[in-house]
Amino acid sequence: MALTLEALNAAPPDEAVRLLDGIYEHSPWVAERALAARPFRSLAHLKYAMAQAVATAPPELPLALIRAHPELAGKAMEAKTLTAESTQEQGKAGLTNCTPEELERIRALNKAYGEKFGFPFILAVRGPRGDGLSKGEIIATFERRLHHHPDFERAEALRNIHRIAEIRLDDRFGVVPALGNDVWDWQEKLAAHTDPGYAELGQLTVTYLTDAHRACAAQIAGWMREAGFDSVGIDAVGNVVGRYEAATPGAKTLLTGSHYDTVRNGGKYDGRLGIFVPMACVRELKRQNRRLPFAFEVVGFAEEEGQRYKATFLGSGALIGHFDRNWLDQQDADGVTLRDAMKHAGLNIDDIPKIQRDPAKYLGFVEVHIEQGPVLNELDIPLGIVTSINGGVRFVGEVFGMASHAGTTPMDRRRDAACAVAELILFAEQRAAKDGDSVATVGMLQVPNGSINVVPGNCRFSLDIRAPNDPQRDAVVADVLAELKAICERRGVRYTLEEAMRAAAAPSAPAWQARWEKAVDALGVPLFRMPSGAGHDAMKLHEVMPQAMLFVRGINSGISHNPLESSTNDDMQLAVEAFQLLLDNLAKEDAP
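Just so it is clear, the model here is predicted, and its values are computed rather than measured.

Colleague: Looking at this structure, I do not really get the overall build of the protein chain. What am I missing?
Modeller: Scanning the protein chain from terminus to terminus reveals 21 helices and 16 strands. Its C-alpha radius of gyration of 26 Å places the protein chain within 12% of the 25 Å reference for a compact globule of 592 residues. Once the C-alpha set of the protein chain is aligned to its principal axes, its extents read approximately 75 × 75 × 45 Å. If you average the places of the 64 positive and of the 79 negative side-chain charges in the protein chain, the two averages end up 1 Å apart.

Colleague: In this structure, what is going on with the pattern of salt bridges? I would like to understand it.
Modeller: Side-chain pairs of opposite charge can arise whenever the charged atoms involved come near each other. The final tally for this structure, using the stated rule, is 45 salt bridges. Residues Glu153 and Arg145 are paired through a salt bridge, measuring 2.6 Å at the closest nitrogen-oxygen approach. Here Glu153 matches Arg145 in class, with each residue buried. Between Arg473 and Asp474 there is a salt bridge, with the nearest N and O atoms lying 2.9 Å from each other. A residue is classified by how much of its surface remains accessible, and Arg473, at 4% relative accessible area, is buried.

Colleague: What should I look at first to understand the side chain of Thr262 in this one?
Modeller: By the element assignment, Thr262 lies in the loop between strand S3 (253-259) and helix H13 (273-287). Given the relative accessible area of 4%, Thr262 is considered buried. A distance of 2.8 Å separates a polar side-chain atom of Thr262 from the backbone nitrogen of Val206. Non-local contacts of Thr262, meaning those with residues more than four positions away in its chain, are made with Leu204, Thr205, Val206, Thr207, Gly267, Arg272, Glu305 and Gln307.

Colleague: When you look at the side chain of Asp332 in this model, what are you seeing that I'm missing?
Modeller: With respect to the helices and strands, the residue Asp332 is situated in the loop between helix H14 (314-319) and helix H15 (338-344). At 2.9 Å, the side chain of Asp332 and the backbone nitrogen of Asp334 are in polar contact. At 2.8 Å, the side chain of Asp332 forms a polar contact with the backbone nitrogen of Val336. Once you skip the residues sitting within four places of it in the chain, Asp332 turns out to touch Arg308 and Tyr309.

Definitions and limits used
- Residues numbered from 1 in each chain as written.
- Predicted model: local features only at pLDDT ≥ 70, side-chain atom pairs only at ≥ 80, totals over all residues.
- Heavy atoms only, no water.
- Helix = DSSP H or I, 4+ residues; strand = E, 2+ residues; numbered from the N terminus.
- Rg over C-alpha atoms; globule rule 2.2 N^0.38 Å.
- Lys, Arg positive; Asp, Glu negative; His and termini not counted.
- Charge placed at Lys NZ, Arg CZ, Asp CG, Glu CD.
- Salt bridge = Lys/Arg side-chain N within 4 Å of Asp/Glu carboxyl O.
- Buried < 20%, exposed > 50% of the residue type's maximum accessible area, 1.4 Å probe, protein only.
- Polar contact = N/O pair within 3.5 Å; in protein donor to acceptor, adjacent residues only side chain to side chain.
- Contact = heavy atoms within 4.5 Å.

Following this line, the structure appears as structure tokens:
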């Protein structure tokens, strides 16, 4: 019989610890410490309390917890001394049925890993969906993590222990994250479409209006129809638009969505999560034969990344009337103009002005997105409330010094352009760090015609500065540019600097941020507020209507724009439930 929260909350301490036995391997102290957080409001609350029990414990206890775990396909498995939970998990991943070659490889990895880190390799072998990783995926992860820094790997081991515990708790409570599984599956299936040249490499790349991109649009549209949207179509720029009409004709509309294009060799969840989470909500409303007092419009934006053409936010921009017709003459790497690509896709360019939305007919815009960063992952928190999308400024610049012989030019006589930029990089790093949530990055650095024995005569660089609000961003920019001037004067070099991009910050509308907070809190999940360092479609809609975003934790340190980008079915389940609560609460606000 499945355990219930009511039983756990009511049980005496010793009995409660017994009820949670085996969730954390040979470590009843985790349950003992977590019980201080009773009564647990939800299973998510219990999971967080147990993770916090580990995080706040004396350092020797988490290390002992890691060491309490068996090696994968190790001696304990051969001797059949694994716990029942570990036996099931390793068996489900096929580790109890390895070929001699696989066993030999895993044993060699276990040995190398143990020698480097001093504890066993720990991986949640049931994976992000809970149905098991393949042996190939397990070995590839083993090989990758062997190169981590010891401190980082210790934290990664604990994060995998928490994922193992999460799956065990789901089993113990008889919980299946069915909606999270569906959202996860939609994203995996959509990833079958990828541009030519990348499929052969096993990489996901979907750029604007390629065959793969159009196949994605058709797939999303088909799933929207199956989910029960009242109308589904592909508009004049390739956005996939699904509408679920209100109980009363003529009611205002809540707008949501995200993009389905990707960066080159990107991840499966960036953007797409924000299409499928609300799609799951619509399907559940349809199954309940339920209407809301407002219409609900979900848009899969056709272009956000600017990969094929330099037309970033083309999809969401078109909805607010920001389509630049000069883009039509842009050419991709193969010389195909945007105009020709749109015609080939069957899009009518003359219809683009017709898709502009009237903000007066909309309540606002909300977006769900994978975090694309490590913060939620490190804090063991599944959802984050976005306070603002950072404003940013980008520059491209060049410092000019004097190229001279590396052997004969004394150090105090050099006009080294690269050293000047290096000094700027370190200052920008230090200055942004003072704000806590500002960031500064020099992502491009080049010494043209550089030689190993020549003092660099010039150095090209980029500069990207972002902050949650424009005054904070501008203060960092002013300090960094002032320091660039001072560095160049002190070193006897000169510089040029060109502003390449400026985007205003997009603070979340307080009322909509509060709605996300109310929904997340009702799930028993801790409220964590954070800025978004990355740009999103919500930035464009922010220009004409109120907006707010919800972040979903990513695994693998939250990495994004990378094939390792992922999230779990449990976190996606929570995202769907949070969205459902937002809709329900909004319906009560709008009820007569």
